[in-house]
Amino acid sequence: TERVAGIVRSLLAFARQEKEQHAPERLCDIVDASLTLMRAVLRRDHIALEVDVPVDLPKVECRGQQIQQVFMNLVGNARDALNARYAEPSEHKRICIVARGFEREGERWVRTTVEDFGVGIPKEVIDRVFDPFFTTKGREQGNGTGLGLSVSHGIVREHRGAMRVESVVGEFTRFHVELRVENGWGFGLEDYPLGAG
């Protein structure tokens, strides 16, 4: 029942995307808001958090609550990966979040990387992590709906951004969220339809 409820919540969140207004947002504020709900859980699991998101990065045109949802999902997955590898406290039990600006084909972007040092993702499944309902978590225990990354990937794509993953089993996993500073939506277009453009 809890798994079905989680799936419904994810689908409803995705369906509500076009109703949220967008505006220039600071990535440091978005990341901080995302972590507000996560810090206590991470402390309880003895997971250290290293955040390097400069306040002077250019603001990004986005729907802030949706991008918060993306980062909460990535941090939650990183937590699960670390807990799966380390049953006890460890100096390697940490999550790193780093954001930097860069240029691509004359456009300004900001890349935010969420990195953990947990179990990693096997090569044979890494290309499927963004597929709906695919999960590497044990479903027999009710863990994971397989929708978190799929919804997050969809949110980033609707922002005309990109989401990539790299991982080595037993060493690390890095998710890169790349967002345009100016995504071309234009302001006053709050009802910009999903999938357009």
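Residues numbered from 1 in each chain as written. Predicted model: local features only at pLDDT ≥ 70, side-chain atom pairs only at ≥ 80, totals over all residues. Heavy atoms only, no water.

## Topic: the packing of aromatic side chains
And step 1. Taken as a whole and judged by the stated rule, the model has two aromatic pairs.
And step 2. With a centroid separation of 6.0 Å and 25 degrees between ring planes, the pair formed by F102 and W109 is classed as stacked.
And step 3. Here F102 falls in the buried class, since its relative accessible area comes to 18%.
And step 4. The exposure class of W109 is buried, given its relative accessible area of 5%.
And step 5. The lysine or arginine in question, R111, covers the ring of F102, its NZ or CZ lying 4.1 Å from the ring centre.
And step 6. Its guanidinium or amino end placed over the ring of F172, R174 lies 3.9 Å from that ring's centre, counting from NZ or CZ. (Phe/Tyr/Trp six-rings, centres within 6.5 Å; stacked < 30°, edge-to-face > 60°. Buried < 20%, exposed > 50% of the residue type's maximum accessible area, 1.4 Å probe, protein only. Lys NZ or Arg CZ within 6 Å of the ring centre and 35° of its normal.)

## Focus: the pairing of strand β5 (residues 107–116)
And step 1. Within β5, seven of the 10 residues are buried, leaving the element largely enclosed by the surrounding structure.
And step 2. Pairing geometry for strand β4 (residues 94–104) and β5, over 10 bridges, is antiparallel. Each residue of the ladder has a partner; that of R104, found in β5, is E107.
And step 3. Hairpin remark: β4 followed by β5, antiparallel, with two residues in the connecting loop; positive phi at E105, about 50 degrees. (Helix = DSSP H or I, 4+ residues; strand = E, 2+ residues; numbered from the N terminus. Pairing = 2+ DSSP bridges.)

## Observations concerning the confidence of the model for the protein
And step 1. Confidence in the prediction of the protein, expressed as mean pLDDT, is 84, and 76% of residues score 70 or more.
And step 2. Counted against residues more than four places away or in other chains, residues 188–197, with its pLDDT under 50, gives 17 contacts. (pLDDT = per-residue confidence, 0-100. Contact = heavy atoms within 4.5 Å.)

## Things to note about the pairing of strand β6 (residues 162–168)
And step 1. Strand direction decides the pairing type here: β6 and strand β7 (residues 172–180), joined by seven bridges, are antiparallel. Bridging from a neighbouring strand, E166 pairs with R174 of β7.

## Observations concerning the side chain of N73
And step 1. Relative to the assigned elements, N73 resides in helix α4 (residues 64–85).
And step 2. Apart from residues lying up to four places away in sequence, N73 is in contact with G148, L149 and S152.

## Here we look at the packing of α4 against helix α6 (residues 148–158)
And step 1. Contact geometry of α4 with α6 gives a least axis separation of 9 Å together with a crossing angle of 145 degrees. Here the hand of the crossing between α4 and α6 comes out left-handed. Along its contact with α4, which presents Q66, I67, Q69, V70, N73, L74 and N77, the element α6 presents G148, L149, V151, S152, I155 and V156.
And step 2. Each residue belonging to the contact of α4 with α6 can be placed in one class, and the counts come to seven nonpolar, six polar and no charged. (Axes fitted to C-alpha atoms, helices over the stretch in contact; angles between N-to-C directions. Left-handed = near helix turned anticlockwise from the far one by under 90°. Nonpolar A, V, L, I, M, F, W, Y, C, P; charged D, E, K, R; others polar.)

## Let's talk about the environment of S34
And step 1. For S34, the position within the fold is in helix α2 (residues 27–36).
And step 2. For the pair S34 and Q65, spaced 31 residues apart in sequence, the C-alpha to C-alpha distance is 8.8 Å.

## Some remarks on the sheet that holds β5
Pairing between sheet strands relies on hydrogen bonds along the backbone, with the strands arranged either parallel or antiparallel.
And step 1. Pairing within the open sheet is mixed, and its five strands lie in the order β2-β4-β5-β7-β6. Either end of the sheet is taken by a strand with one partner, and the two such strands are β2 (48–52) and β6. Across the sheet, the mean angle separating the axes of adjacent strands is 15 degrees when strand polarity is ignored.
And step 2. This element, α2, spans β2, β4 and β5 of the sheet and lies at about 165 degrees to β2.

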